[in-house]
Amino acid sequence: NSPHELYKKIKEKNDLEANSARIVAGFCWPWSEPKEDGTLVKDVVIGDFAMTWEGKEVGRKLSPDVPPASLWPYDPRSVDQIGSIYTIQGFEFDYVGVIVGKDILYNFETNQWEGHKENSADSIVKRSGDKFIDLVKNTYRVLLSRALRGCYVYFVDKETEKFVRSRIET
């Protein structure tokens, strides 16, 4: 029901068994360079919820307390960071919390998925022309399929959530 609740669930799972749970999100928020002191900017902001992406390894040096993106799947501290499509590919966790952003929305009037490049921070995908919606769908397919035991999902857009729920609840 909220990104706070999603984080709480993932944190609880990870506390029971280290490195068993992670949060990931669609690339709908910028990924800033680390601050001067090497700490991370809380780029993923949804209302009063704010978290950092994984530690960017190019540019400024990371603080010793910040695991780099290459160690995101392995470092237990990474439960306090959000992973992207670029760091989770090829990894599975027992539990994954997925934040579905506003780069893809379901339109009930047209009964179709719509891609929204203006809500994407992924410069490569944004330049994909007609392939944008297919690439974003694939991103979420990958994010949603990284959990072996359970997947929690938070939708920023409540209409899209309503559509997905209509397809999974009986």
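The sections below set out a description of the structure shown in this document. Small disclaimer: the values here were computed from a predicted structure and weren't measured.

Cut-offs applied
All residue numbers refer to positions counted from 1 along the written sequence of the respective chain. Local features are withheld for residues below a pLDDT of 70 in this predicted model, meaning they are given only at 70 or higher, and side-chain atom pairs are given and counted only at 80 or more; totals for whole chains, interfaces and linings count all residues. For side-chain calculations, the full set of non-hydrogen atoms in the structure is used, while hydrogens and water are omitted. Strand pairing requires that DSSP identify at least two bridges connecting the strands. Put simply, DSSP H or I for four residues or longer makes a helix, DSSP E for two residues or longer makes a strand, and each gets a number counted from the N terminus. Under this scheme, a helix contributes an axis fitted over its contacting stretch, all axes are lines through C-alpha atoms, and angles between N-to-C directions fall in the 0 to 180 degree range. In this description, contact between two residues means that some pair of their heavy atoms is separated by no more than 4.5 Å. Side-chain atoms within 4.5 Å link the members of a nonpolar core, which is a set of buried Ala, Val, Leu, Ile, Met, Phe, Trp, Tyr and Cys residues. Summary of the burial criterion: residues with accessible area below 20% of their type's maximum are buried, those above 50% are exposed, and those between are partly exposed, where the area comes from a 1.4 Å probe applied to protein chains only. Working convention for charge: Lys and Arg count positive, Asp and Glu count negative, and His plus the chain ends are omitted. The salt bridge definition used is simple: a Lys or Arg side-chain nitrogen within 4 Å of an Asp or Glu carboxyl oxygen. A 1.4 Å probe that fits into a set of points on a 1 Å grid over the protein atoms alone but cannot get out defines a cavity; an open set with protein on both sides within 12 Å along at least five of seven lines defines a pocket, and lining residues are those with an atom within 4 Å of a point. Grid points are joined across faces, edges and corners, and a volume is the space filled by probe spheres set on the points. For this classification, Asp, Glu, Lys and Arg are treated as charged, while Ala, Val, Leu, Ile, Met, Phe, Trp, Tyr, Cys and Pro are nonpolar and the rest, including Gly, are polar.

So, the sheet that holds strand 2 (residues 44-46)
Spatially, six strands are ordered 2-3-4-1-5-8 in an open sheet, and the strand pairing comes out mixed. With one partner strand each, in any of the chains shown, strand 2 and strand 8 (147-155) form the two edges of the open sheet. The mean angle between the axes of side-by-side strands here comes to 35°, regardless of whether they run parallel or antiparallel. As paired strands, strand 1 (residues 21-25) and strand 5 (residues 93-100) are joined by five bridges and run parallel to one another. Counterpart to Ala25 in the pairing with strand 5 is Ile99. In this fold helix 1 (residues 3-16) packs onto strand 1, strand 2, strand 3 (49-53), strand 5 and strand 8, with an angle of close to 150° to the strand it touches most, strand 1.

Points about the nonpolar core
Counting residues in hydrophobic clusters, the biggest one holds 34 residues, and the most contacted among them are Trp29, Ile82, Ile99 and Tyr140. Those elements that provide at least two residues to this core are helix 1, strand 1, strand 2, strand 3, helix 2 (85-88), strand 5, helix 4 (132-144) and strand 8. The dominant element in this core, judged by the number of residues it contributes, is strand 5, at six residues. When neighbours within four sequence positions are excluded, Tyr140 is seen to be in contact with Gly26, Cys28, Val98, Ile99, Val100, Gly101, Asp103 and Ile104.

Let's talk about the side chain of Asp94
Along the chain, Asp94 falls in strand 5. For the buried residue Asp94, which engages in no salt bridge, the nearest side chain bearing the opposite charge is Arg149, 4.1 Å off.

Some points on the environment of Cys151
Checked against the element boundaries, Cys151 lands in strand 8. With 21 residues separating them along the chain, Cys151 and Asp130 place their C-alpha atoms 30 Å apart. Once you skip the residues sitting within four places of it in the chain, Cys151 turns out to touch Val96, Val98 and Leu144.

What to know about the pattern of salt bridges
The tally for this structure, following the rule as stated, stands at six salt bridges. The salt bridge partner of Asp75 is Arg77, with a shortest N-O separation of 2.7 Å. The class for Asp75 is buried, based on a relative accessible area of 13%. Between Lys158 and Glu161 there is a salt bridge whose closest N-O contact spans 3.0 Å. Here Lys158 and its partner Glu161 are both found in helix 5 (residues 158-168), three residues apart, which amounts to about one turn of the helix. The class for Lys158 is partly exposed, based on a relative accessible area of 39%. It is possible to trace a salt-bridge network through shared partners that takes in Lys158, Glu161 and Arg165.

Some words on the layout of surface pockets
For the largest pocket, the calculated volume is near 590 Å³. Taken together, 22 residues make up the lining of the largest pocket; nearest its centre are Val100, Leu144, Val153, Phe155 and Val164. Elements with a contribution of two residues or more to the lining of the largest pocket: helix 1, helix 4, strand 8 and helix 5. Of the residues assigned to the lining of the largest pocket, the class counts are 13 nonpolar, three polar and six charged.

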